[in-house]
Every structure is written in structure tokens, then in C-alpha cells.
Amino acid sequence: MSENKFEAVSSIVDNDQQNDELFDEILNDSHLSATWQRYHLMGDVMRGETSDVINFDLSSQIATAIADEPTILAPHTSNNLVGKLKAKVVQFAKPFGQMAIAASAAGLMVMGVQQNSADTDALLPASQVVKTMPFGGIAEPVSLNFQQTSRSSEKQAFVEQQRRFQALLSDHQQQIKLSSVDVNHTPPQDKAEESAK
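These numbers come from a predicted model, not from an experiment.

**Student:** Explain the overall build of the protein here, please?
**Tutor:** In terms of regular secondary structure, the protein is built from seven helices and zero strands. In the protein, the succession of α and β elements from N to C terminus is α-α-α-α-α-α-α. Counting all 197 residues of the protein, 6% fall into the buried class. Put simply, 50% of the contacts in the protein that link residues at least 6 apart link residues at least 24 apart.

Right, here's the structure in full:
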């Protein structure tokens, strides 16, 4: 349908023009007659001349639309070996990935706690630490082998731990440098042997 026909039907509904040929066309064409009905209904609604109950029978139109829908079939499942092998590899490797993630999270947690405890020791003076006293008057250690550690010995242990870590890290970096030098530079006698072969 062209836009001009819809405008002509609208002007007839609004009593702006009289066209007998268009009336005949509206009577013979179901699409134009449905448009005629919709335009009259819109006019009635805008003027407030509708009844309280408007009866629309949409069930037949919905049933027709559903019947016209194309049928969607499920895709065929193929018994290819590659797909099954891929699924088995993923199933096998998934726990290792989960363990790697858990180990990484645990390592970060340990490093964070160590870093945080070192920072809080420097920030909190001894006077701000809450000390509790039991009802008996003095605190008794639970174990007979209990030795109270001082703040200075804890700090020395932390410094020693950091020194060992830095030593391991520098040793690792030296090993990486040496292994890359060995790969890039083969001895001249080995090159001569390779060319003779």
C-alpha cells in the first residue's frame, strides 16, 4: 500500500473529501477496510466516544502468526573425535587451573599480611596497644617453654627474611642472564663441528 492511499482513507474518515472510487476499493480490499476500521477507532478514542469495553479478538491473529513461524530444529550432534578430545582436555586441566588460582591468591595473601604487619608495627606505638589483665592479677603463659619475643627481635627476623628474599631474587636474575648468554653464544669449536657435519 502506498502512503497516498492511507492519507486518502484518513481524509475520508475525517470527512474532508468524498471519493466513490476509493470507497469501492475500501470495500473490496481487506487491508484497506482494516485500515478504515482502525482510523475510525482512533477517531472515536480521541473524541471520547468509545464504550467502556473494547472487544479485540487477537487470538486468531496470534495463532496465524505462530503457524507462520519457521520451525527451528536442534543442530545435529556430531561424534567427532576432536570435540570429545577437547572436552576431555578441558575437564582434565580445569582442576589444575583452579589450584593455580588458589595458590596465587594464597601467596598474595601471605605477602599482604607480612607487608601489613610490618607497616602496623611502625605506625602503632606501644602505648596504643590494648593490654588486658586477667582476674588473677598477672598473666601466666600457657606453656612452660614460653619465651616472650621483643619487638626488636621480631624486626630483626623480618629484616633477615627480607635480606634472604632479596638474595634469592638477585641469584635468580643472575641465573636468567647466564642462561640467555649460554644460548646466544655457542663456543667457536662447536660451530666448526656443526659446519663440518
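**Student:** I would appreciate a short explanation of the packing of aromatic side chains in the present structure.
**Tutor:** Given two aromatic rings, their pairing is described by the distance between the two centres and the angle made by the two planes. This model, assessed by the stated rule, comprises one aromatic pair. Their ring planes at 65 degrees and their centres at 5.4 Å tell us that F92 and F96 sit as a pair that is edge-to-face. Remark: F96 and F92 occur in helix α5 (residues 81-123); sequence separation between them is four residues, near one turn of the helix.

**Student:** Which parts of the structure should I look at to understand helix α1 (residues 3-13)?
**Tutor:** One full turn of an α-helix is made of 3.6 residues, so residues set three or four places apart face in the same direction. When α1 is considered as a whole, its buried residues turn out to be F6, A8, V9, S11, I12 and V13. Residues of α1 that are buried sit in contact with α2 (20-28) and α3 (30-47).

**Student:** Would you take a moment to explain the nonpolar core for this structure?
**Tutor:** Buried together is how nonpolar side chains tend to be arranged in soluble globular proteins. In this structure, A8, V9, I12, V13, L22, I26 and L32 together form the largest nonpolar core, which totals seven residues. Of all elements in the fold, only α1 and α2 reach the threshold of two or more residues within this core. In terms of residue count, the dominant contributor to this core is α1 (four residues).

**Student:** Would you mind going over the packing of α1 against α3 with me for this structure?
**Tutor:** Each pair of packed helices gets described by two things: the angle between the helix axes and the distance between those axes. One can describe the packing of α1 onto α3 by two numbers: an axis separation of 10 Å at closest approach and a directional angle of 45 degrees. When the interaxial angle is binned, α1 and α3 end up oblique. Where α1 crosses over α3, the handedness of that crossing is right-handed. Mapping the contact onto sequence places K5, F6, V9, S10, I12 and V13 in α1 and H31, L32, T35, W36, Y39 and H40 in α3.

**Student:** Whenever I open this one, the pattern of salt bridges confuses me. Can you help?
**Tutor:** Any two side chains of opposite charge can pair, on the condition that their charged atoms come close. The full count for this structure, using the stated rule, is three salt bridges. Close ionic contact of D44 with R47 constitutes a salt bridge, the shortest N to O distance being 2.9 Å. Linking D44 with R47, this pair stays in helix α3, spanning three residues, or about one helical turn. When its relative accessible area of 24% is taken as the criterion, D44 is described as partly exposed. A relative accessible area of 53% places R47 in the exposed class. Between E160 and R163 there is a salt bridge, and its shortest N-O distance comes to 2.4 Å. Of this pair, E160 and R163 both sit in helix α6 (residues 151-184), three residues apart, which is roughly one turn of that helix.

**Student:** Can you walk me through the packing of α1 against α2 in this structure?
**Tutor:** Here α1 crosses α2 at 105 degrees, and the two axes come no closer than 11 Å. In terms of axis orientation, α1 runs roughly perpendicular to α2. Between α1, through K5, A8, V9 and I12, and α2, the contact on the second element is made entirely by L22, F23, E25 and I26. When the residues that make up the contact of α1 with α2 are grouped by side-chain class, the tally is six nonpolar, no polar and two charged.

**Student:** What is the right way to look at the confidence of the model for the protein in this model?
**Tutor:** Per-residue confidence for the protein gives a mean pLDDT of 76, with 71% of residues at or over 70. Of all helices and strands in the protein, the one with the weakest mean pLDDT is helix α7 (residues 188-196) (53), whereas helix α4 (residues 59-68) scores best (88).

Definitions and cut-offs
- Residues numbered from 1 in each chain as written.
- Predicted model: local features only at pLDDT ≥ 70, side-chain atom pairs only at ≥ 80, totals over all residues.
- Heavy atoms only, no water.
- Helix = DSSP H or I, 4+ residues; strand = E, 2+ residues; numbered from the N terminus.
- Buried < 20%, exposed > 50% of the residue type's maximum accessible area, 1.4 Å probe, protein only.
- Contact = heavy atoms within 4.5 Å.
- Phe/Tyr/Trp six-rings, centres within 6.5 Å; stacked < 30°, edge-to-face > 60°.
- Core = buried A, V, L, I, M, F, W, Y, C linked by side-chain atoms within 4.5 Å.
- Axes fitted to C-alpha atoms, helices over the stretch in contact; angles between N-to-C directions.
- Parallel < 35°, antiparallel > 145°, perpendicular 65-115°, else oblique.
- Left-handed = near helix turned anticlockwise from the far one by under 90°.
- Salt bridge = Lys/Arg side-chain N within 4 Å of Asp/Glu carboxyl O.
- Nonpolar A, V, L, I, M, F, W, Y, C, P; charged D, E, K, R; others polar.
- pLDDT = per-residue confidence, 0-100.

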